[in-house]
Amino acid sequence: MASTQRRIGILTAGGDSPGLNAAIRGFGKTAIGHHGMELIGFRDGITGLVHNRHTPLDGAALSGILTIGGTILGTSRDKVHKFDLDGEVRDMVPTVVENYAEEGLDGLILLGGGGTAKNALRLHKAGLNVLTLPKTIDNDIAMTDTSFGFATAMEIATEAIDRVHSTAHSHHRIILTEIMGHRAGWLALGAGIAGGADVILIPEIPYSVEKVAETIRTRTARGSSFSVIAVAEGARDIDDSADYEAAKLLAKAAKTPEAVRAAKSHLANVEDAQREHTFRLARQLEAATGLESRVTILGYVQRGGTPCAADRLLATRLGAAAADLVARGQFGCMVAARGDGTEAVPLEEVAGKVKLVPADHDWIAAARKVGTGLGD
Ligand code: F6P
């Protein structure tokens, strides 16, 4: 057992996710108990780092947190290089570098998703020893098989789909269940398959309202006068999808700061206008099929509460692996889940990337084989 006496900081950033506390515990118990390190936890993500607000994390603080949802440290969606400091947007990387030195830190562990990987890469380039662990219910982080939080959210969304089945059946209705996932369809697709949704709509496959209506009419003709649809929050019909892709291209092509600002605001407007798409689809399907339609937005229920066993296990082993990397002095990486093991992936290969559902993915093939409509 190495006795390095290193002092390490840890924080949780971005949207919370079941398994964050399990990961803090997995890292902390290994770092303290196995490698003899000292651990402090920064409050509320990047905010705590900027304002140097932290708390000691010893054995007692790590005890009893494995099963607790959310994060004992608090979180925020702040960006280190565009930080809102008293109403002024500032680059706080130099401040964080100072705080890190003042605290005598030897490393910093950031638990988060794609945005956190970007923050971490900036800090790494500024000379800090950083590692990230992949957390998100969206399962959209590049270069890792999965992320903790996803399995729990999928369980919750699956149970919701199970439950709306009986009421849809009793009332001969269409029930559209809107599922989180940001711009990726993993959660809706996984829960939709597991819950036996009749139609699954994801951002990666722009849908035709007529095709969805056709699937429902075919079911009615066969004697099933109800349907359950799993709709990803980021799913779009063909026209909306074309508008969105065009706005994204504009934003990418913009060169001057003014053009970038204008293109970003246009993209935000397009996204805003499309936010209520599940309600619009419900109205369209009601008109096209004659069946009453209802919408259930699962929302934050998917993110809250205790992590499932798979997420506790994943978070614990990723946390433990991160502590071993710190002990070996390996930084600038995300600790990825790879099969039954873990792998240190350079942050450059993760930051700014999003893992979408590939068109030829096995889940899509399986959904089609069992007769699930995908709206295309
Ligand atoms: O990234 C996790 C997630 O829950 C997404 O699925 C969702 O789009 C987003 O966060 C919601 O963000 P916020 O917590 O800022 O409302």
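Residues numbered from 1 in each chain as written. Predicted model: local features only at pLDDT ≥ 70, side-chain atom pairs only at ≥ 80, totals over all residues. Heavy atoms only, no water.

Visitor: Explain the sheet that holds strand β11 (residues 227-232) to me, please; I cannot follow it from the model alone.
Guide: The pairing of strands in a sheet comes from backbone hydrogen bonds and takes either a parallel or an antiparallel form. Taking strand neighbours across the sheet as the criterion, the 4 strands line up as β10-β11-β9-β12 in an open arrangement whose pairing is parallel. Bordering the open sheet on either side are β10 (199-201) and β12 (293-297), each of which pairs with just one other strand. Within this sheet the neighbouring strands show an average axis-to-axis angle of 20°, counted without direction. Here strand β9 (residues 174-179) pairs with β12 via 5 bridges, running parallel. Considered in β12, the bridge of Thr-177 is made with Thr-296. With respect to the sheet, helix α6 (residues 150-171) is in contact with β9, β11 and β12, its orientation differing from that of β9 by roughly 165°. Those strands touched by helix α8 (residues 209-221) are β9, β10 and β11, and its axis lies near 160° from that of β11. (Pairing = 2+ DSSP bridges. Helix = DSSP H or I, 4+ residues; strand = E, 2+ residues; numbered from the N terminus. Axes fitted to C-alpha atoms, helices over the stretch in contact; angles between N-to-C directions. Contact = heavy atoms within 4.5 Å.)

Visitor: I tried to follow the domain arrangement of the chain on my own but got confused; where do I start?
Guide: Looking at the assigned domains, one finds that the chain contains domain 1 (7-148 + 307-349) and domain 2 (153-303 + 358-369). Computed over C-alpha atoms, the centres of domain 1 and domain 2 are 32 Å apart. The interface of domain 1 with domain 2 comprises 11 residues on the first partner and 11 residues on the second. Both faces considered, domain 1 and domain 2 share a buried interface measuring about 840 Å² in area, 52% of it formed by carbon and sulfur atoms. Sorting the residues of domain 1 by area buried against domain 2 places Ile-137, Asp-138 and Asn-139 first, and these three jointly supply 54% of that buried surface. (Domains from an automatic or database assignment. Buried area = accessible area lost by both parts, 1.4 Å probe.)

Visitor: Would you mind showing me how to read the nonpolar core here?
Guide: When a protein is soluble and globular, its nonpolar side chains tend to lie buried together. Leu-176, Ile-179, Leu-201, Ile-202, Val-212, Ile-229 and Leu-285 are the most contacted members of the largest nonpolar core, which totals 46 residues. For this core, the secondary structure elements donating two or more residues are α6, β9, α7 (186-194), β10, α8, β11, α11 (277-289) and α13 (362-369). By size, the runner-up hydrophobic cluster in this structure holds 31 residues, among which are Leu-39, Leu-131, Leu-318 and Ala-322. (Core = buried A, V, L, I, M, F, W, Y, C linked by side-chain atoms within 4.5 Å. Buried < 20%, exposed > 50% of the residue type's maximum accessible area, 1.4 Å probe, protein only.)

Visitor: Looking at this structure, I do not really get the pattern of salt bridges. What am I missing?
Guide: If you walk through the whole model with that rule in mind, you get 17 salt bridges. Between Arg-275 and Asp-272 there is a salt bridge, and its shortest N-O distance comes to 2.9 Å. On the accessibility criterion, Arg-275 (51% relative accessible area) is exposed. Between Arg-338 and Glu-343 there is a salt bridge, with its nearest N and O atoms 3.4 Å apart. (Salt bridge = Lys/Arg side-chain N within 4 Å of Asp/Glu carboxyl O.)

Visitor: Would you explain the site of the ligand in this entry?
Guide: For the ligand, the full set of nearby residues is Arg-77, Thr-136, Ile-137, Asp-138, Met-180, Gly-181, His-182, Glu-233, Tyr-300 and Arg-303. For the ligand, an oxygen atom lies 2.7 Å from a polar atom in the side chain of Asp-138. Contact between the ligand and Glu-233: an oxygen atom at 2.5 Å from a side-chain N or O atom of the residue. Burial of the ligand by the surrounding chains reaches 73%, relative to a free accessible area of 400 Å². For the shell around the ligand, the per-class residue count stands at 3 nonpolar, 3 polar and 4 charged. Counting contributing residues per domain, the shell around the ligand is built from domain 1 (7-148 + 307-349) and domain 2 (153-303 + 358-369), each supplying no fewer than three. (Near = heavy atom within 4 Å. Polar contact = N/O pair within 3.5 Å; in protein donor to acceptor, adjacent residues only side chain to side chain. Areas by Shrake-Rupley, 256 points an atom, 1.4 Å probe, with all protein chains shown as cover. Nonpolar A, V, L, I, M, F, W, Y, C, P; charged D, E, K, R; others polar.)

Visitor: Explain the pairing of β9 here, please?
Guide: The side chains of a regular strand alternate, residue by residue, between the two faces of the sheet. Counting buried positions along β9 yields 6 of 6 residues, so the element is predominantly enclosed. The side-chain alternation of β9 yields two buried faces, one formed by Ile-174, Leu-176 and Glu-178 and the other by Ile-175, Thr-177 and Ile-179. Here 6 bridges tie β9 to β11, and the two strands are oriented parallel to one another. Bridge pairing in β11 links Ile-174 to Ser-227.

Visitor: What's the story with the packing of helix α1 (residues 20-34) against helix α12 (residues 309-328) in this structure? I'm lost.
Guide: Relative placement of two packed helices is described by the angle separating their axes and the distance separating the axes. Running from amino to carboxyl end, α1 crosses α12 at an angle of 35°, the nearest separation of the two axes being 7 Å. Along this stretch, α1 crosses α12, giving a crossing that reads as right-handed. Taking contact as the criterion, the partners of Ala-22, Ala-23, Arg-25, Gly-26, Phe-27, Thr-30 and Ala-31 in α1 are, on α12, Arg-312, Ala-315, Thr-316, Gly-319, Ala-320, Ala-322, Ala-323, Asp-324 and Val-326. (Left-handed = near helix turned anticlockwise from the far one by under 90°.)

Visitor: Any chance you could explain the side chain of Glu-178 here in plain terms?
Guide: Counting through the fold element by element, Glu-178 comes out in strand β9. No salt bridge is formed by the buried Glu-178; its nearest oppositely charged neighbour, Arg-275, is found at 8.5 Å. A polar side-chain atom of Glu-178 sits 2.5 Å from a polar atom in the side chain of Thr-278. (Lys, Arg positive; Asp, Glu negative; His and termini not counted.)

Visitor: Mind showing me how you'd approach helix α5 (residues 114-125) here?
Guide: Along an α-helix, residues three or four positions apart point the same way, because every turn accommodates 3.6 residues. Given a rise of 1.5 Å per residue, 12 residues ought to cover 16 Å, and the 17 Å separating the end C-alpha atoms of α5 matches this to within 8%. Those residues of α5 not exposed but buried are Thr-116, Ala-117, Asn-119, Ala-120, Leu-121 and Leu-123. Its buried side turned inward, α5 meets α2 (46-50), α4 (93-102), β6 (107-112) and β7 (130-136). Of the residues flanking the end of α5, it is Gly-127, one or two places downstream, whose phi is positive at about 105°. (Expected span 1.5 Å × (residues − 1).)

Visitor: What should I look at first to understand unusual backbone geometry in this one?
Guide: In terms of backbone geometry, most residues other than glycine have negative phi values and most peptide bonds are trans. Of note in the backbone geometry, Asn-139 takes a positive phi value of approximately 60° without being a glycine. By the secondary structure assignment, Asn-139 is in the loop between β7 and β8 (148-149). A positive phi angle is found at Met-143, which is not glycine, with a value near 70°. With respect to the secondary-structure elements, Met-143 resides in the loop between β7 and β8.

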